[in-house]
Amino acid sequence: ADLNLQEIHDLLVSVAHEAGRMIMRATPSQLSSGTKKNSADLVTETDQAVEKMVSTRLMSSYPNFSFIGEETYVPGSTKLTSAPTFIVDPIDGTTNFVHAFPAFCVSLGFAVDKIPTIGVIYNPFLDELYTAIKGKGAFLTRNGGEKVKLPLKSEPEPLKDLSTCLIGAEWGSDRTGVNFELKTKVFAKLAASKENGGAMVHSLRCMGSAALNLAAVATGQQDVFWEGGCWAWDVAAGWCILNEAGGIMVSGNPGDWKPEIDGRKYLAVRAAPTGQKEIVEEFWGVIGD
Ligand code: IPD
């Protein structure tokens, strides 16, 4: 049956605002927050309560759709299929949330045939709402005001090379093994001077929320975002918003132009009349060699 994407989008916006109110009422504590895999992988009662509210509201309206949420994900058993699927992170940026650093959001994605089709990201602290429906453009609404089309610069500048870029990248919570070595290498090579064998980018930012990183690339505030190790719920909503703003998402695995939603490694590049492909290839060179 034909899906009414606008209706699903409107429900996601309403749910995002309710989630935002729950998040802003909460008083998380650094010391009492729970951990999952390790001491840097935080979860709070609010993450769990928000996911419960979100899944209850979405599944009562669309009982035949699938639901994947960060807090109810079961490794090995929860699988993304081609069915219409809500992909939800109740609080992306939980570490920021417990430290009251103002970069956290609710991230509500919707995929059909594993393609990001609707994205809603809401940062309740700044009252910034990012939305997109596939084929219909991406938008930002600040403080309940006017809906502004993304990217924010209607004529984005060409991309030249990494040395002129502001780049978002994240450490994530996995601080061991080859993945940690890769992250260390990427951070060092991007930052280093040319004499030291680096790309000497304008600067690196660790915003602490993959969804808000993608939103920042969609607006044009960051040129690139890279992460190896985040999850479908961190990127599903931002991916649709990024694409609709003219940006591209490829894989963090060099050579892979068609990444999977649950591929765990992602590279996002902002809208630009020229240079997107060249930036991707230069970045893959940094990861690969
Ligand atoms: C995390 C954030 C962080 C990223 C991690 C994610 P969470 O999500 O997006 O920026 O580096 O990989 O897991 O745990 O705050 O929902």
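The shown structure was predicted, so the numbers you read here are calculated from the model rather than taken from an experiment.

### Describing the overall build of the protein chain
For step 1, the next point in the chain: The number of helices and strands found in the protein chain is 7 helices and 14 strands.
For step 2, the next point in the chain: For 289 residues, the compact-globule estimate of 2.2 N^0.38 gives 19 Å, and the C-alpha radius of gyration of the protein chain, at 18 Å, lies within 12% of that figure.
For step 3, the next point in the chain: Seen through its C-alpha atoms, the protein chain measures out along the principal axes to roughly 55 × 45 × 35 Å.
For step 4, the next point in the chain: Burial statistics for the protein chain: of 289 residues in total, 52% are counted as buried.
For step 5, the next point in the chain: Once local pairs closer than 6 in sequence are excluded, the contacts in the protein chain between residues at least 24 apart make up 62%.
For step 6, the next point in the chain: For the protein chain, the centre of its 26 positive side-chain charges and the centre of its 34 negative side-chain charges are spaced 1 Å apart.

### With respect to helix α5 (residues 210-219)
The periodicity of an α-helix, 3.6 residues per turn, causes residues three or four positions apart to be oriented the same way.
For step 1, the next point in the chain: In terms of burial, α5 is a largely internal element, 10 of the 10 residues being buried.
For step 2, the next point in the chain: Along α5, the positions that sit buried rather than exposed are Ala-210, Ala-211, Leu-212, Asn-213, Leu-214, Ala-215, Ala-216, Val-217, Ala-218 and Thr-219.
For step 3, the next point in the chain: Positive phi appears at Gly-220, one or two residues downstream of α5, with a value of about 100 degrees.

### As for the pattern of salt bridges
For step 1, the next point in the chain: One pass over the structure, following the stated rule, counts 8 salt bridges.
For step 2, the next point in the chain: Ionic pairing is found between Lys-37 and Asp-41, a salt bridge with its closest N-O pair at 3.1 Å.
For step 3, the next point in the chain: Judged by relative accessible area, which is 10%, Asp-41 ranks as buried.
For step 4, the next point in the chain: The salt bridge involving Arg-142 is made with Glu-128; its shortest N-O contact spans 2.8 Å. With Arg-142 in strand β8 (residues 138-142) and Glu-128 in strand β7 (residues 128-133), the pair connects residues that are 14 residues apart, well separated along the chain.
For step 5, the next point in the chain: For Arg-142, a relative accessible area of 38% puts it in the partly exposed group.
For step 6, the next point in the chain: The exposure class assigned to Glu-128 is buried, which follows from its relative accessible area of 13%.
For step 7, the next point in the chain: When salt bridges that share partners are traced, they join Lys-36, Glu-70 and Glu-71 into one network.

### Examining the domain arrangement of the protein chain
For step 1, the next point in the chain: Parsing the protein chain into structural domains produces domain 1 (5-149) and domain 2 (162-288).
For step 2, the next point in the chain: For domain 1 versus domain 2, the distance between C-alpha centres works out to 21 Å.
For step 3, the next point in the chain: The interface of domain 1 with domain 2 comprises 42 residues on the first partner and 25 residues on the second.
For step 4, the next point in the chain: Together, the buried faces of domain 1 and domain 2 total about 2400 Å²; carbon and sulfur atoms form 68% of this surface.
For step 5, the next point in the chain: Our count for the domain 1 to domain 2 interface comes out at 0 salt bridges.
For step 6, the next point in the chain: Summed over the shared surface of domain 1 and domain 2, the number is 9 residue pairs in polar contact (both at pLDDT 80 or more).
For step 7, the next point in the chain: Of all elements in the fold, only β3 (66-69), β4 (85-92), β5 (105-112), β6 (115-123), β7 and β8 reach the threshold of two or more residues within the side of domain 1 that touches domain 2.
For step 8, the next point in the chain: At 8 residues, the largest contribution of residues to the side of domain 1 that touches domain 2 is made by β6.
For step 9, the next point in the chain: Here the side of domain 1 that touches domain 2 is built from residues that sort into 21 nonpolar, 12 polar and 9 charged.

### Describing the site of the ligand
For step 1, the next point in the chain: By nearness alone, 14 residues border the ligand, and Asp-89, Asp-92, Gly-93, Thr-94 and Glu-227 come closest of all.
For step 2, the next point in the chain: Between Asp-92 and the ligand, the recorded distance is 2.7 Å, taken from a side-chain N or O atom to an oxygen atom.
For step 3, the next point in the chain: Between Ser-209 and the ligand, the recorded distance is 3.2 Å, taken from a backbone N or O atom to an oxygen atom.
For step 4, the next point in the chain: About the coverage of the ligand: the protein hides 88% of its 380 Å² of free accessible area.
For step 5, the next point in the chain: For the shell around the ligand, the leading source of residues is β4, giving 3 residues.

The rules behind each value
- Residues numbered from 1 in each chain as written.
- Predicted model: local features only at pLDDT ≥ 70, side-chain atom pairs only at ≥ 80, totals over all residues.
- Heavy atoms only, no water.
- Helix = DSSP H or I, 4+ residues; strand = E, 2+ residues; numbered from the N terminus.
- Rg over C-alpha atoms; globule rule 2.2 N^0.38 Å.
- Buried < 20%, exposed > 50% of the residue type's maximum accessible area, 1.4 Å probe, protein only.
- Contact = heavy atoms within 4.5 Å.
- Lys, Arg positive; Asp, Glu negative; His and termini not counted.
- Charge placed at Lys NZ, Arg CZ, Asp CG, Glu CD.
- Salt bridge = Lys/Arg side-chain N within 4 Å of Asp/Glu carboxyl O.
- Domains from an automatic or database assignment.
- Buried area = accessible area lost by both parts, 1.4 Å probe.
- Polar contact = N/O pair within 3.5 Å; in protein donor to acceptor, adjacent residues only side chain to side chain.
- Nonpolar A, V, L, I, M, F, W, Y, C, P; charged D, E, K, R; others polar.
- Near = heavy atom within 4 Å.
- Areas by Shrake-Rupley, 256 points an atom, 1.4 Å probe, with all protein chains shown as cover.

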